[in-house]
Amino acid sequence: MALKRMDNVGIVVEDLDVTIDFFLELGLDLEGRATIEGEWAGRVTGLGNQHVEIAMMRTPDGHSRLELSRFLTPPVVADHRNAPVNALGYLRVMFTVDDIGETLERLRARGAELVGEVVDYQDVYRLCYIRGPGGLLIGLAQELT
């Protein structure tokens, strides 16, 4: 059997509403919100009885999704948001945008901070990393050709 697709990337957040607003400003669509709880969910995650608020965000092309989760129970036990870009494990999500300068301006109004600087890679891409709500690391890429 072959792999069909990547369904979504999950991100645990502190403030679901602020994070939804940030990704709406970036250009994602809110596909839906729900509360997930109970013993069945804990069997999947291995966390036991859990209570989680989730929001599914979809890219405009409809091919990619972010699942934003805010755990009510059990409490969050680790925080990787301040890990440097060379840390092991899942690190960031990258989005292609039409105009990095305009996107940065809009996202800065929602608290985004540039990590390093905006750079051009071989006249093909303009790239940068930002810290979004709650310190989430997000990459932005603009195709230059």
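Below: a short report on this structure. (Residues numbered from 1 in each chain as written. Predicted model: local features only at pLDDT ≥ 70, side-chain atom pairs only at ≥ 80, totals over all residues. Heavy atoms only, no water.)

What follows concerns the overall build of the protein chain. In terms of regular secondary structure, the protein chain is built from 3 helices and 9 strands. In the protein chain, the succession of helices and strands from N to C terminus is β-α-β-α-β-β-β-α-β-β-β-β. When burial is assessed residue by residue, the protein chain has 30% of its 145 residues classed as buried. Relative to all contacts within the protein chain whose residues are 6 or more apart in sequence, the contacts with residues 24 or more apart total 52%. Surface exposure of the protein chain reaches about 9,400 Å², of which carbon and sulfur atoms provide 51%. (Helix = DSSP H or I, 4+ residues; strand = E, 2+ residues; numbered from the N terminus. Buried < 20%, exposed > 50% of the residue type's maximum accessible area, 1.4 Å probe, protein only. Contact = heavy atoms within 4.5 Å. Areas by Shrake-Rupley, 256 points an atom, 1.4 Å probe, with all protein chains shown as cover.)

Tallied over the full model, the rule gives 2 aromatic pairs. Their ring planes at 90 degrees and their centres at 5.5 Å tell us that Phe22 and Phe23 sit as a pair that is edge-to-face. Each member of the pair, Phe22 together with Phe23, is buried. An aromatic cluster of three or more residues is present, and its members are Phe22, Phe23 and Phe95. (Phe/Tyr/Trp six-rings, centres within 6.5 Å; stacked < 30°, edge-to-face > 60°.)

Quick look at the layout of surface pockets now. Size it by volume and the largest pocket reaches roughly 1,000 Å³. What lines the largest pocket is a set of 35 residues, and nearest its centre among them are Ile11, Val12, His80, Arg81 and Leu136. Those elements that place two or more of their residues in the lining of the largest pocket are β1 (9–12), α1 (16–26), β4 (65–73) and β9 (137–143). Counting residues per element, the lining of the largest pocket draws most heavily on β1, which supplies 4 residues. When its residues are assigned to classes, the lining of the largest pocket shows 22 nonpolar, 6 polar and 7 charged. Within this model, the second largest pocket holds a volume of roughly 240 Å³. Contributing to the lining of the second largest pocket are 14 residues, with Ile36, Val44, Thr45, Gln50 and Glu67 lying nearest its centre. In terms of residue count, helix α2 (residues 39–45) provides more of the lining of the second largest pocket than any other element does, 4 residues in total. Within the lining of the second largest pocket, the residues separate by chemical class into 9 nonpolar, 4 polar and 1 charged. (1 Å grid on protein atoms, 1.4 Å probe; cavity = no way out; pocket = protein on both sides within 12 Å on 5 of 7 lines; lining within 4 Å. Points joined across faces, edges and corners; volume = space filled by probe spheres on them. Nonpolar A, V, L, I, M, F, W, Y, C, P; charged D, E, K, R; others polar.)

Among the structural elements, His51 can be located in strand β3 (residues 50–58). In the structure, His51 is positioned 67 residues away from Val118 in sequence and 39 Å away in space, judged by C-alpha atoms.

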